[in-house]
Amino acid sequence: MMNQLNYLNYKERLESLLENPLLKEYGIKKYTIGKTNYAYDFDYLTVGYGEKDIFLVGGTHGSEVISTDFILQLLSSLPTLEHFDPNVFTLKIIPLQNPEGYDISTATFSSIDFLNFEDKAYEYYLRYRADNIIYTAIQELVRVTFEVPNDIMEDVLQRLKNFTLHNEKWLRLKQNRVFPKIDEFNHAIQEIEDISSKEELCGELIMHLKQIENRLNLSSVQDKMYFFFLNALEEVFIQMLMERKRKIVFPKLYQDMFKEHGFHGLQSKELEKDIESIYKIYHHPLGSQINFDANGSGVNLNANHLHSIGMEAYQKHEVFYGLSPKDNIQKYVPGPIGTSCLNYHNFTYAVENIFLENLIKESFYQGRYEMTFLYHSSGGMIYYKPYQDLMKKEAYFDFYQYNQTLAEIYERSTNYQILEESSTTGYGDYLRRTYPGVLLIELSKMGGNPLGPYGDKSNTIRVFEENNAAINEVFHYLKKKKRKIKRKDNNA
Ligand SMILES: [Zn+2]
């Protein structure tokens with residue numbers, strides 16, 4: 001059996017929700033209100049007959065599959081939520097705002113079969129985390145021990161010995177469950193004596209690394225991670241032997257898992273071709289398509305805004321990379337992280353964002369609109385605060401109070417962190433300045449999209465249960481709430 005998370009399965013789940021007898025009683029309907037650039041359906045569902053509209057949006061970023069999964073699951077759980085009243089509410093649902101990015105990410109892991117899914121997802125989770133820890137630690141080792149003006153060999157060796165015993169970033173490896181065996185290497189280093197040249201030291205270190213590698217059992221995930229780490233270290237020492245001065249770039253463990261996969265298996269053959277050429281043009285690392293957040297044209301729907309720093313970066317011809325572990329992927333160009341728009345001289349909104357805002361706008365002007373949940377995938381956080389400087393004072397105050405109330409209700413069931421920061425840069429931030437009650441929820445505390453949140457079944461169950469409970473409490477609050485914010489002149 002194939003794994004359950006892919007575009008076709010998503011479509012099947014939508015259809016089966018339409019056949020659910022209880023949801024039928026609630027008047028569930030599905031509309032295809034438009035097509036994306038590569039002719040994927042833009043699906044839109046409504047549930048309920050009430051006059052209070054609540055928007056639920058998932059899958060804005062292609063690799064955040066748990067956000068779509070969560071919304072589909074919420075729909076089938078709706079009849080169990082005490083405070084959902086179909087005569088009071090109409091849920092307006094976009095379960096997958098970015099079907100193209102979703103198809104690219106999920107097709108990349110299509111070879112993982114259902115029986116191994118949780119194990120592989122856990123391995124992916126470990127790799128994704130390990131990438132961060134490994135590179136921080138190795139960078140630090142090179143910086144502290146080798147890149148120092150004093151290169152008297154006795155001192156280099158002493159610095160190395162001290163580093164492996166006392167450096168905080170190095171010791172963090174040991175605290176992480178991936179690298180309990182790092183002590184072997186630390187110990188080997190303490191034994192090294194009488195070194196006369198850097199070449200000799202590097203040679204000796206490589207020899208020790210190889211000895212440890214030979215003793216590993218590569219069928220265990222932990223040992224395999226450790227093997228990658230030792231390999232990365234070896235790579236550093238080899239490059240030092242060869243006196244290469246350029247920045248050391250390692251392959252990423254999580255990308256490595258999928259670098260053989262290619263770009264096939266998508267619903268759109270045209271998209272397959274175009275993605276492949278985007279990868280060639282911008283030198284994106286193979287395997288990084290597992291984490292494809294942008295839409296098929298390479299536009300990141302949340303960065304699709306005039307205030308995005310990508311706009312400025314482009315004007316200055318600067319090259320930017322993602323944050324670790326995406327620090328080998330160029331951003332603000334078409335690709336897996338994505339750009340703010342395709343033509344920087346003539347900013348336009350992506351169709352996926354236009355579809356979404358039109359629905360919200362219509363509801364708002366009809367006086368039905370209550371709030372919007374924008375679901376993203378990892379961190380366990382709630383963004384609620386609109387960006388004050390771009391808003392009229394009174395509008396800001398109304399929005400702030402309302403959003404804060406909603407965020408606090410949500411936090412009680414999820415324990416998610418309520419973030420006090422606000423920003424101008426994202427499309428979600430734009431919506432939050434323009435319409436009241438826009439909360440952006442980062443779901444799973446277990447990160448590493450798309451597979452990381454699925455590495456432990458209890459994590460997925462917890463995400464669903466806690467967020468169902470939080471939404472139920474929001475229903476409870478909104479059912480009784482009278483006053484609506486009808487301000488239309490909120491942008492300063
Ligand atoms: Zn996101």
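What counts as what
Residues numbered from 1 in each chain as written. Predicted model: local features only at pLDDT ≥ 70, side-chain atom pairs only at ≥ 80, totals over all residues. Helix = DSSP H or I, 4+ residues; strand = E, 2+ residues; numbered from the N terminus. Rg over C-alpha atoms; globule rule 2.2 N^0.38 Å. Buried ≥ 20, exposed ≤ 12 C-beta atoms within 10 Å, placed from the backbone. Contact = placed C-beta atoms within 7 Å. Pairing = 2+ DSSP bridges. Axes fitted to C-alpha atoms, helices over the stretch in contact; angles between N-to-C directions. Domains from an automatic or database assignment. Nonpolar A, V, L, I, M, F, W, Y, C, P; charged D, E, K, R; others polar. Expected span 1.5 Å × (residues − 1). Arc of directions from axis to C-beta. Parallel < 35°, antiparallel > 145°, perpendicular 65-115°, else oblique. Left-handed = near helix turned anticlockwise from the far one by under 90°. Core = buried A, V, L, I, M, F, W, Y, C linked by C-beta atoms within 7 Å.

This brings us to the overall build of the chain. Helices and strands together make up the secondary structure of the chain, namely 17 helices and 10 strands. Against the 2.2 N^0.38 benchmark of 23 Å for 492 residues, the chain shows a C-alpha radius of gyration of 25 Å, consistent with a compact globule. Along the longest, intermediate and shortest principal axes, the C-alpha atoms of the chain span 80 × 50 × 45 Å. Per-residue burial for the chain yields a buried fraction of 43% across its 492 residues. The contacts in the chain between residues at least 6 apart in sequence include a share of 78% that link residues at least 24 apart.

Below, the discussion takes up the sheet that holds strand β9 (residues 417-419). Pairing within the open sheet is mixed, and its 8 strands lie in the order β1-β2-β4-β3-β7-β10-β8-β9. Strand pairing shows two members of the sheet lacking a second neighbour, β1 (29-35) and β9, which therefore form its edges. Averaged over all pairs of adjacent strands, the angle between strand axes in this sheet comes to 20°, irrespective of strand direction. As paired elements, strand β3 (residues 52-57) and strand β4 (residues 89-94) share 6 bridges and run parallel to each other. By the bridge assignment for β4, Leu 56 is matched with Ile 93. Sheet strands touched by helix α3 (residues 65-77): β2 (41-47), β3, β4, β7 (369-378) and β10 (438-444). Its angle to β7, the strand with the most contacts, is close to 130°.

In this section: the domain arrangement of the chain. Per the domain assignment, the segments making up the chain are domain 1 (1-111 + 268-492) and domain 2 (114-256). Taken over C-alpha atoms, the centre of domain 1 sits 38 Å from the centre of domain 2. Domain 1 puts 19 residues into the contact, and the matching count from domain 2 is 17 residues. Within the side of domain 1 that touches domain 2, the residues separate by chemical class into 8 nonpolar, 9 polar and 2 charged.

To continue, consider the environment of Phe 42. For Phe 42, the position within the fold is in strand β2. Residues Phe 42 and Arg 172, spaced 130 residues apart in sequence, show a C-alpha to C-alpha distance of 45 Å. Apart from the residues within four sequence positions on either side, Phe 42 is in contact with Thr 32, Ile 33, Gly 34, Lys 35, Thr 36, Glu 352 and Phe 355.

Let's shift gears to helix α15 (residues 393-414). An ideal rise of 1.5 Å per residue puts 32 Å on 22 residues; α15 measures up with 31 Å between its terminal C-alpha atoms. Every buried residue belonging to α15 is among Ala 395, Phe 399, Asn 403, Leu 406, Tyr 410 and Thr 414, and all of these are buried. Angular distribution of buried residues about the axis of α15 spans 80°; they occupy a single face of the element. Facing away from the buried side of α15, by more than 90 degrees, are the exposed residues Lys 393, Glu 394, Gln 401 and Arg 412. Taken together, the buried residues of α15 touch β7, β8 (381-383), β10 and α17 (457-480). Downstream of α15 by a residue or two, Asn 415 has a phi angle that is positive, lying close to 60°.

A few words on the packing of helix α5 (residues 117-146) against helix α10 (residues 221-241). Each pair of packed helices gets described by two things: the angle between the helix axes and the distance between those axes. Viewed as axis vectors pointing N to C, α5 and α10 meet at an angle of 30°, and their least axial separation amounts to 10 Å. What the angle tells us is that α5 and α10 run roughly parallel. Crossing of α5 over α10 shows right-handed handedness. For the pair formed by α5 and α10, the contact residues are Glu 123, Leu 126, Arg 127, Ala 130, Ile 134, Ile 138, Val 142 and Phe 146 on the first element and Val 221, Met 225, Phe 229, Ala 232, Leu 233, Val 236 and Met 240 on the second.

To continue, consider the nonpolar core. Residues Val 47 and Leu 439 are the most contacted members of the largest nonpolar core, which totals 73 residues. Among the elements that make up this core, the one with the highest residue count is α3 (7 residues). When near neighbours in sequence (up to four residues on either side) are disregarded, Val 47 contacts Leu 23, Tyr 26, Gly 27, Ile 28, Leu 75, Leu 78, Leu 91 and Ile 93. In this structure, Phe 109, Ala 137, Met 225 and Phe 237 belong to the second largest nonpolar core, which totals 38 residues.

A cis amide bond links Ser 324 to the next residue, Pro 325, at an omega of 5°. The residue Pro 325 is located in the loop between β5 (320-321) and β6 (330-331) in this model. Omega for the peptide link from Asn 449 to Pro 450 comes to -5°, which places this bond in the cis form. Relative to the elements of secondary structure, Pro 450 occurs in the loop between β10 and α17. Even without glycine at this site, His 317 takes up a positive phi of about 55°. Tracing the chain through its elements places His 317 in the loop between α13 (309-315) and β5. Residue class for His 317 comes out exposed when judged on the 6 C-beta atoms lying within 10 Å of it. Phi at Asn 415 is positive, roughly 60°, even though this residue is not glycine.

This part takes up the pairing of β1. Each regular strand shows side chains that alternate between the opposite faces of the sheet. Pairing analysis gives 5 bridges linking β1 to β2, with the strands arranged antiparallel. Each residue of the ladder has a partner; that of Lys 29, found in β2, is Thr 46. Counting the residues that bridge the hairpin from β1 to β2 gives 5 residues, and of these Ala 39 lies at a positive phi of roughly 65°.

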